[in-house]
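# Results of the structural survey
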Amino acid sequence: MIRSLSGNRAFVLGAALVIAVLMPFVVQDTYWRHLFIIAFIYAMVASNWDLSLGYAGIFNFGHVAFFGVGVYAAALSTKFLGADPWIAIFLGGVAASLAGALVALPVIRLKGIYVVLVTFAFGQLVLQLVLSQSEITGGTQGIVRIPALEAFGYNFLRDFKFGYYYVALGLLVISTIFLRFVVRSDFGMSLRALRDNEEYAVARGIPTGLQRLKVLVVSAFFTGVAGGFFAIYLRVASPEIFGFPVQSLVLSMVLVGGTGTIYGPIAAAVILTFASEMLGSIEGLDEGRVMLIAVAMIIVLLFFPNGLASIWRRRAQRAALADSADKAVAETRLIENSAGASR
Amino acid sequence: MNASPDQNGALLQARNVTRRFGELVAVNDVSFDVLKGEIFGIAGPNGSGKSTLFNILTGIPFGPSAGRIIFMGEEIQRLPAYRISQAGLVRTFQKDAEFPTMTARENVVCGAVYCGGLRRDAAQAAADDALDAVGFDKRRQSLPAMDLSVYERKQLMIASAVAGSPAMLLLDEPAAGLTKPEIKELGDLVLSIRDRGVTIVLIEHVLTLLLKVSERLMVLNQGAVLAHGDPHEVVRDQRVVEAYLGKRELVL
């Protein structure tokens, strides 16, 4: 029973990947492809956020700032270091990880609401830094005319974002494989242990501070890569990414998708990116869509407090319970039978 | 300056250990040795500082205000708590402690990996072995710990400690909340863990259990050592009887 469920899951994942790979052949329109690319970027940010928020239970509200650090690191490295855009994307990840380590220093000494305050303040700090250093960062104007991606003489601006689509999808796939690896490792297990019961985790030899530092560094990396790609793709770095709307949109992706899961936030990122765009294109709903999404989020969380992914997980858990009950019944029968036989 | 652990066969030495909370002295100048391979019982009325003593020894959540703790020949009172656990001084808790969303088996694997320093495969083998040792029902090992019974969760807490092959296991009132047959089973379990080469310190209110398994007994009262020695003699000590105010449990 459990096996068939996990087989089921592999099938759904495989099907989703095949659909995603074939999508650009069906969807030729630049705008639609653009939405998919944005959705994939948000999916990376949301699923990596969930590593620190959902798996490790750190109330980290500075995650979108890691994304912003990636955006600016990529933009600045092309502008001032003349970095190749591919390298710039990677540098976005490195810079975000460094930012993660920086945030970890106070975070590993704090608990609960103070973690929220410090991480939130970190985002504001980076924003103020970007705004105040306008001769470098362009201030509120941002950085424009960032060079576009090129590979073997192919300019990615061609073919209606065909190439960009696959870079975005490829990065999301790599990030997801990486997350799966982390979550299933002993390190991932220790994160859940820490989240579940910190004191007990220490009593079982888990170094709390070190694991928190590591998870912030690790979860920031692909978030920064997503930011780097975002900058290279849009060819702009704008301070708006540090704003509250982006923060709450990505947070709702994590919460609606389900904390403590990888695929929940990814699915929610795709759904919410499209929902937000669709609603925005309806006459008069330009501003109201944020409210509609918020209402949808409340409704989902009311019925599924652990997010949409919990529907799936609940089925698996029920299966496990039924399975252990089945085994118990079978064993009892066996004992009864053998008792009957010996009589 | 450090006493060698082999000098008198002591695995753990507490020297003048004290813990203050402002004006309150929860543990007051306590010294004792735990010998390698023994089961060392600790008794005392509520609030006598038994659990605080475990907290101090393991650094979870705090170490001593003063005094020295020597474990396997090394002073540990300033080590971070997780390092003490990794060094093989591992505790259980009086209240339920588990990783509720993790499966029963994962709960135990965690102890094998982080306390025992084992790699994946070896850790899983050690976890299976520890689950067997505590008599955990194998069919229920894939369930999340939150779906298990009180006794099963106690089994897990002990199994996750045993899986890391600790040198010393500190059991904090393991019999609390258990039924009589379960307490008897627990007594056998404690003895079998000791037979695996684990030295045990046992805090317990259930004196029948203490007297059944422990070789030496220390009684605390108001944070200080009241009596210390052969369990059957200690419980007859007049001061101990008075400290308990003639509680029925003492009259066996």
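Throughout, residues of each chain are indexed from 1 in the direction in which the sequence is written. Chains carry letters from A onward and ligands carry numbers from 1 onward, assigned in written order. Totals for whole chains, interfaces and linings use every residue, but because this is a predicted model, local features are given only for residues with pLDDT of at least 70 and side-chain atom pairs only at 80 or more, for both listing and counting. Hydrogens and water molecules were not included; the side-chain quantities draw on all heavy atoms of the structure.

### Observations regarding the overall build of chain A
We apply this condition: Elements are defined by DSSP. Helices are runs of H or I of four residues or more, strands are runs of E of two residues or more, and each kind is numbered from the N terminus. For every residue, the accessible area (1.4 Å probe, protein chains only) is compared with the maximum for its type, and the residue is labelled buried under 20%, exposed over 50%, or partly exposed between those bounds. By definition, residues are in contact when any of their heavy atoms lie within 4.5 Å.
Assigned secondary structure in chain A consists of 14 helices and 2 strands. Each of the 343 residues in chain A was classed as buried or not, and the buried ones make up 48%. Sequence separation of at least 24 residues holds for 76% of the intrachain contacts in chain A that already meet a minimum separation of 6.

### Focus on the packing of helix H3 (residues 63-80) of chain A against helix H4 (residues 85-107) of chain A
Residue and element names in this part refer to chain A. Short version of the rule: Every axis corresponds to a line fitted to the C-alpha atoms, with the helix fit spanning only the stretch in contact, and the corresponding angles, defined between N-to-C directions, vary from 0 to 180 degrees. When describing relative orientation, an angle under 35 degrees is termed roughly parallel and one over 145 degrees roughly antiparallel, while 65 to 115 degrees is termed roughly perpendicular and anything else oblique. Handedness of each helix crossing follows the sense of rotation of the near helix against the far helix: counterclockwise by less than a right angle gives left-handed, clockwise gives right-handed.
Relative orientation of the contacting elements H3 and H4 amounts to 135 degrees, with a least axis distance of 7 Å. With respect to H4, the element H3 is oriented oblique. Our pair here, H3 against H4, has a crossing hand that is right-handed. Touching Phe66, Val69, Gly70, Ala73, Ala74, Ser77 and Thr78 of H3 are Pro85, Ala88, Ile89, Leu91, Gly92, Ala95, Ala96, Ala99, Gly100 and Val103, all from H4.

### A word on the UniProt feature "transmembrane region" (unreviewed entry) in chain A
All names here are of chain A. Rules: UniProt positions are given in the numbering used here, feature names are shortened, and annotations may be inferred rather than shown by experiment.
Annotation from UniProt places "transmembrane region" (unreviewed entry) at residues 7-25, 31-49, 56-74, 86-105, 163-183, 213-234, 254-278 and 290-312. Annotated as 63% helix and 0% strand, the span residues 56-74 places its first and last C-alpha atoms 28 Å apart. Secondary structure across residues 86-105 divides into 100% helix and 0% strand, with the first and last C-alpha atoms of the span separated by 30 Å.

### Here's the deal with the side chain of Ser175 of chain A
All names here are of chain A. Among the structural elements, Ser175 can be located in helix H7 (residues 162-184). Taking relative accessible area as the criterion, Ser175 reaches 0% and is therefore assigned buried. For Ser175, the contacting residues outside a window of four places in its chain are Met44, Asn48 and Phe222.

### Examining the domain arrangement of chain B
Residues and elements named next belong to chain B. Defined as follows: Throughout the structure description, domain borders are defined by an automatic or database domain assignment. Salt bridges are defined as contacts in which a side-chain nitrogen from Lys or Arg sits within 4 Å of a carboxyl oxygen from Asp or Glu. Pairs of N or O atoms within 3.5 Å make up the polar contacts considered here, provided that, within protein, one atom can donate a hydrogen while the other can accept it, and that residues adjacent in sequence are counted only when both atoms are side-chain atoms. In the scheme used here, Gly and all other residues not listed as nonpolar or charged are polar, with Ala, Val, Leu, Ile, Met, Phe, Trp, Tyr, Cys and Pro taken as nonpolar and Asp, Glu, Lys and Arg as charged.
Domain annotation of chain B identifies domain 1 (1-88 + 167-252) and domain 2 (96-165). Computed over C-alpha atoms only, the centres of domain 1 and domain 2 are separated by 24 Å. Opposite the 15 residues of domain 1 that make contact, domain 2 presents 11 residues. The tally of links from domain 1 across to domain 2 stands at 1 salt bridge. One salt bridge connects Asp129 with Arg196, and the closest N-O pair in it is separated by 2.7 Å. Linking domain 1 to domain 2 there are 3 residue pairs in polar contact (both at pLDDT 80 or more). Secondary structure elements with two or more residues in the side of domain 1 that touches domain 2: helix H2 (81-86), strand E7 (168-172) and helix H6 (180-195). No other element matches H6, which puts 5 residues into the side of domain 1 that touches domain 2. Broken down by class, the residue content of the side of domain 1 that touches domain 2 amounts to 9 nonpolar, 2 polar and 4 charged.

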